[in-house]
Amino acid sequence: MDSEHALYHASPHQPSSERIALKQRIMALAAQAYGLRNNNSHYAKEYVAEAQKLAEKAAFSEGIAESVLVSGVVHCCAAEYDVALRHLAKAVELYEALGQDSAFQKTIALGGQSRATRWMGIVYRNIGMPVTGVEYCNQSLVLAEESNNQTLVGFALMVLGDCYVTLNENEKAKAYRTQALAIASGTDDKELQSQALWSMARSAEMDRQYEQAYQYYHQSYLLRETVGDYLGMGTARFGMASVMEKQGKRARALRIYMQLWANFKSNSSGVPQTEAFITMEIGRLYAASVKPERALPYLRRALTIGQKVGVQPIIASANEALANFYKQIGDFETALLHFEEFHRINADIAQRESKQTIQYFRQAFDFERAQKETEIYRLRNEELATAYAQNERLLLNVLPEAIAVRMKAGETTIAERFSDVTVLFADIVGFTELSAHRSPEEVVDILNRIFSAFDIFSEQYNLEKIKTIGDAYMIVGGAPNPCDDHAESVARLALEMHETVNLLSRSMGLDIALRIGMHTGAVVAGIIGQKKFTYDLWGDTVNTASRMESHGEAGKIHCTETVMKRLEGRYVFEQREPLEIKGKGLMTTYFLMGKR
């Protein structure tokens, strides 16, 4: 039993030797479950369930609290976060109640609360809520310091560092990890020392300080070797190989991976996923070597394992590696098959993870709502409110409001036909030449000023911006919200756009003008994409509007006869000589000159 979990203490009531033995067995079962949390969650759950059953039967309060805590840890490691949160919150309550018992050591109760809140921080970090994770880890740190347990202080600091990595605050993360390592060095706890060294290795690797990272991984490996932590030894060695590979020392990295694989095959209790990752790295290294043909059996082995255990990220990675291998040797047909499978699985993973994240957010909210009002609860709600507001803004920035509402209501496929809309394309003439003589910052600033003005006008006239492509702008009237006056609204917008570009051109000393094309007709509209949603239009109307823009003139609004007839009498038009339009033949078109 490691020092963090060796918390059993003798009762002052002189229990019988049988009761002492029972208590020791309960705590040992809990410790075994904790030790198996990453290797075999099935057995870990069985051990902790047996511990809790025995503890409840014996009315052993500390055993009940400890088994509930470890159960939360086991469920967390199995990615069953909603169940984990319930168990960990219950463990906090049980240890807090034990701390009120004068016959119980308060330091042990504080230690139990510290461990439970730290793991709650880990849960929140894992479900993508690192700010809340930081709050729970800070609570864990306060409890650890109050219990005067340096080991728990070190663990709390280390997980704080992990949360800040998730927040992309790498300097803060490194500071906390450095503190954790300093504290670990002053304790006899090998688990804390080895994990702190591993965390420092990760920070150094992220900073591309590869020599330092290698030394930290190696020290972590040696410590884990002394306690027979074979999984930890493999993790440290894997890190060493990763650093070697990034340094370009592929032969040394390959030797380490081969040793890891040999060790894995000799250890019947190894996790299959571990073998998949090792064989995949071996295959990738061979593919990049002078003997690429050696890569194939290892990559196929990784794919077979992934398919056998049903772990989609492994299957996806193996397909990607195989696709790259077959492309390298010139077998493009097989490469394409694996690339297609890689992208299909990645899309499935993204969709599932999106649903899972929403599920965990809801479960976390339900869990917190059931708790008493605390500072953490307040911060949690603030974080959710901010995240919700940000998501709302982001969704409305990329999708029309009507479409966003439908998607939030659960619609996954949105496609519909609009029989009467007006489409506008605009292109900034002279912008390509202008951008070649200006800094990237100036180019982006100019486009931002122009398109921001267009966005304001589009909202004013109840039109929908579809997209910008470089210095081109596309807008529609009459979709997704049908209306009768879309042609006139788009015409008014077009005139405003011209005037805006002329004003900005003069005020900024630019030699640019706008070329605009318009057409009215039917379109198909809908959502495309799975990771980055886009609302788009298709059909002959879109193509014709685009042709009007490309066959137009700088500083003018080029329209079809359909648009002219829709606006005739209210706007002034100038007829052009018939034009040969690609895909349409000879067309009579018009320039929109202004309002009557």
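Relevant structure appears above.
Nothing here was measured: the structure is a model prediction, and the numbers come from that model. (Residues numbered from 1 in each chain as written. Predicted model: local features only at pLDDT ≥ 70, side-chain atom pairs only at ≥ 80, totals over all residues. Heavy atoms only, no water.)

Caption draft 1: Geometry of the pairing of strand 2 (residues 464–469). As paired strands, strand 2 and strand 3 (residues 472–477) are joined by five bridges and run antiparallel to one another. Opposite Lys 467, over in strand 3, you have Met 474 as the bridge partner. A loop of two residues connects strand 2 with strand 3, the two strands running antiparallel in sequence, and Gly 470 in this loop sits at a positive phi of about 65°. (Pairing = 2+ DSSP bridges. Helix = DSSP H or I, 4+ residues; strand = E, 2+ residues; numbered from the N terminus.)

Caption draft 2: Spatial organisation of helix 3 (residues 61–77). The first and last C-alpha atoms of helix 3 sit 25 Å apart over 17 residues, in line with the 24 Å expected at 1.5 Å per residue. For helix 3, the buried fraction is high: 15 of the 17 residues fall into the buried class. Just downstream of helix 3 lies Ala 79, where phi reads positive at about 65°. (Expected span 1.5 Å × (residues − 1). Buried < 20%, exposed > 50% of the residue type's maximum accessible area, 1.4 Å probe, protein only.)

Caption draft 3: Local environment of the packing of helix 9 (residues 190–206) against helix 10 (residues 210–226). Two elements in contact, helix 9 and helix 10, have axes separated by 8 Å at closest approach and are oriented at 160°. What the angle tells us is that helix 9 and helix 10 run roughly antiparallel. Like other packed secondary-structure pairs, helix 9 and helix 10 cross with a definite hand, here left-handed. Residue-level contacts link Lys 190, Gln 193, Ser 194, Gln 195, Leu 197, Trp 198, Met 200, Ala 201, Arg 202, Ala 204 and Glu 205 of helix 9 to Tyr 210, Gln 212, Ala 213, Tyr 216, Tyr 217, Gln 219, Ser 220, Leu 223, Arg 224 and Thr 226 of helix 10. Across the contact of helix 9 with helix 10, the residue classes break down as ten nonpolar, seven polar and four charged. (Axes fitted to C-alpha atoms, helices over the stretch in contact; angles between N-to-C directions. Parallel < 35°, antiparallel > 145°, perpendicular 65-115°, else oblique. Left-handed = near helix turned anticlockwise from the far one by under 90°. Contact = heavy atoms within 4.5 Å. Nonpolar A, V, L, I, M, F, W, Y, C, P; charged D, E, K, R; others polar.)

Caption draft 4: Inspection of the side chain of Ser 458 at higher detail. Within the secondary structure layout, Ser 458 lies in helix 20 (residues 440–460). Beyond its immediate sequence surroundings of up to four residues, Ser 458 is in contact with Leu 463, Tyr 473, Ile 475 and Leu 493.

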